[in-house]
Amino acid sequence: MGKTGKLPYDVPDWRVWKVDDAPQLVKLRERLAVKGLKDPWLRNEVWRFQPGMGKMPLYKYVFKGFGWGFVAFGIAITLEKLFWKEDDHGGH
């Protein structure tokens, strides 16, 4: 908003998306038709069902941020060893 220039991606024309290209949405459209309903915005969801969209491996979700967390843990341990004095009470 308010910025000028080219987007980092190309936005396809709205007429490109066809419900017939997504079998899951075709089934949904048919189930709605049985009930006498129609979803005029169904075409806006077709992009989600295109190959390669939303296919992120499980390990990307599970270990997201693990690298940064490990680095932060290492820094915390290093700082603790450098700056905190041992407070030895003789085992009490």
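Residues numbered from 1 in each chain as written. Predicted model: local features only at pLDDT ≥ 70, side-chain atom pairs only at ≥ 80, totals over all residues. Heavy atoms only, no water.

For the protein chain, the count of helices and strands is three helices and zero strands. Helices and strands appear in the protein chain in the N-to-C order α-α-α. In the protein chain, which comprises 92 residues, the share counted as buried stands at 8%. Accessible surface, the protein chain: about 9300 Å² in total, of which carbon and sulfur atoms supply 62%. (Helix = DSSP H or I, 4+ residues; strand = E, 2+ residues; numbered from the N terminus. Buried < 20%, exposed > 50% of the residue type's maximum accessible area, 1.4 Å probe, protein only. Areas by Shrake-Rupley, 256 points an atom, 1.4 Å probe, with all protein chains shown as cover.)

On to the packing of aromatic side chains, then. Summed over all chains, the structure comprises one aromatic pair. Seen in terms of ring centroids, Phe 63 and Phe 66 are 5.9 Å apart; in terms of plane orientation they differ by 70 degrees. Their pairing is edge-to-face. Overall, Phe 63 belongs to the exposed group, its relative accessible area being 51%. Classification of Phe 66 by relative accessible area gives exposed; the value is 55%. (Phe/Tyr/Trp six-rings, centres within 6.5 Å; stacked < 30°, edge-to-face > 60°.)

All right, on to a nonpolar patch on the surface then. Residues Leu 58, Tyr 59, Tyr 61, Val 62, Phe 63, Phe 66 and Phe 70 make up a contiguous nonpolar surface patch of roughly 890 Å² in combined accessible area. For the nonpolar patch, the secondary-structure elements that each account for two or more residues are helix H2 (58-62) and helix H3 (66-83). By residue number, the principal contributor to the nonpolar patch is H2, which donates four residues. Within the secondary structure layout, Tyr 59 lies in helix H2. A relative accessible area of 51% means that Tyr 59 is categorised as exposed. (Patch = residues over 30% accessible without salt bridge, like charges linked within 9 Å, V, L, I, M, F, W, Y side chains within 5 Å. Salt bridge = Lys/Arg side-chain N within 4 Å of Asp/Glu carboxyl O.)

An α-helix turns once every 3.6 residues. As a result, residues three or four positions apart point the same way. Look at helix H1 (residues 23-34): 17 Å from first C-alpha to last across 12 residues, which is about the 16 Å you get at 1.5 Å a residue. Along H1, the residues classified as buried are Leu 25, Val 26 and Leu 32. For H1, the angular spread of buried residues about the axis comes to 125 degrees, placing them on one side. Of the exposed residues in H1, those oriented more than 90 degrees away from the buried face are Pro 23, Lys 27, Arg 31 and Val 34. (Expected span 1.5 Å × (residues − 1). Arc of directions from axis to C-beta.)

Moving on to the confidence of the model for the protein chain. Across the protein chain, pLDDT averages 81, with 78% of residues at or above 70. Of all the helices and strands in the protein chain, H2 carries the lowest mean pLDDT, 75, while H1 carries the highest, 94. (pLDDT = per-residue confidence, 0-100.)

With that settled, the discussion passes to the pattern of salt bridges. Oppositely charged side chains can pair when the atoms bearing their charge come close. Inspection of the entire model under this criterion finds two salt bridges. One salt bridge in this structure joins Glu 45 and Arg 48, with 2.5 Å as the shortest N-O distance. According to the relative accessible area criterion, Arg 48 is partly exposed, its value standing at 46%.

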